[in-house]
Amino acid sequence: MVDRILKALISAIVGLIALLYVAHNLANIGEAFAFFTYTTSHADQTAYPVTLLPVPPPFLIVVAMVLVFALEAAAGVLCLYGGWRLFALRGADAGAFERGKAISKIGLGCAVLNWWGLFQGIAVAGYQLWQMPLGEGPMMGSWIYGGIAMASLIYISQRGD
């Protein structure tokens, strides 16, 4: 029972993290657009001045923002709902509890895709966010939050009793 409650709580915690991030992004939409523009501009890249990915036009920056915010929102809603569902199924038989994990796992997958796929894969590796003065925080944060989501996904995916 303890394992089932922990899985529910962990899913909900990741959901809360994701919803707080998307809420802050939306509350600071102008600054978010400016930051996305800056990080894809190739500015302040002195260590490796050649960046292979092109500077995107503003409409592609908006598309990227919508994708990031959608994945954060999906991760948040799905993980919170999945956590609630797992908590509701804590006393169910093993098969029902295993089937009940699907929503949490999809939400956690959205978080991993966002923070490791988009941030680490495209922003850090593709646009070399690591060399920008303002890029260190998002680079490290996305690694940590992606890791939290991946560790949670691994734990929740493990079969219980």
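As shown above, the structure is provided for reference.
Residues numbered from 1 in each chain as written. Predicted model: local features only at pLDDT ≥ 70, side-chain atom pairs only at ≥ 80, totals over all residues. Heavy atoms only, no water.

Caption draft 1: The layout of surface pockets, seen in detail. The computed volume of the largest pocket comes to approximately 760 Å³. Taken together, the residues of the lining of the largest pocket break down into 23 nonpolar, 7 polar and 2 charged. (1 Å grid on protein atoms, 1.4 Å probe; cavity = no way out; pocket = protein on both sides within 12 Å on 5 of 7 lines; lining within 4 Å. Points joined across faces, edges and corners; volume = space filled by probe spheres on them. Nonpolar A, V, L, I, M, F, W, Y, C, P; charged D, E, K, R; others polar.)

Caption draft 2: Inspection of the pattern of salt bridges at higher detail. A complete count under the given rule lists 3 salt bridges for this structure. In this structure, Lys7 and Asp3 form a salt bridge, with 3.3 Å as the shortest nitrogen-oxygen distance. Placement of both Lys7 and Asp3 in helix α1 (residues 2-27) is noted, with a separation of 4 residues, approximately one turn of the helix. Relative accessible area serves as the criterion here: at 30%, Asp3 is assigned to the partly exposed category. (Salt bridge = Lys/Arg side-chain N within 4 Å of Asp/Glu carboxyl O. Helix = DSSP H or I, 4+ residues; strand = E, 2+ residues; numbered from the N terminus. Buried < 20%, exposed > 50% of the residue type's maximum accessible area, 1.4 Å probe, protein only.)

Caption draft 3: Quick look at the packing of helix α5 (residues 102-126) against helix α6 (residues 136-157). As a packed pair, α5 and α6 sit with axes 8 Å apart at the nearest point and diverge in direction by 150°. What the angle tells us is that α5 and α6 run roughly antiparallel. Here α5 and α6 pass one another in a crossing that is left-handed. On α6, the residues touching Lys105, Leu108, Ala111, Val112, Trp115, Trp116, Phe119, Gln120 and Val124 of α5 are Met139, Ser142, Trp143, Tyr145, Gly146, Gly147, Ala149, Met150, Ser152, Leu153, Ile156 and Ser157. Considered class by class, the residues forming the contact of α5 with α6 number 14 nonpolar, 6 polar and 1 charged. (Axes fitted to C-alpha atoms, helices over the stretch in contact; angles between N-to-C directions. Parallel < 35°, antiparallel > 145°, perpendicular 65-115°, else oblique. Left-handed = near helix turned anticlockwise from the far one by under 90°. Contact = heavy atoms within 4.5 Å.)

Caption draft 4: Region of the structure containing the environment of Arg4. Inspection of the secondary structure assignment puts Arg4 in helix α1. Once the C-alpha coordinates of Arg4 and Leu86 are considered, the two residues, 82 residues apart in sequence, prove to be 7.1 Å apart.

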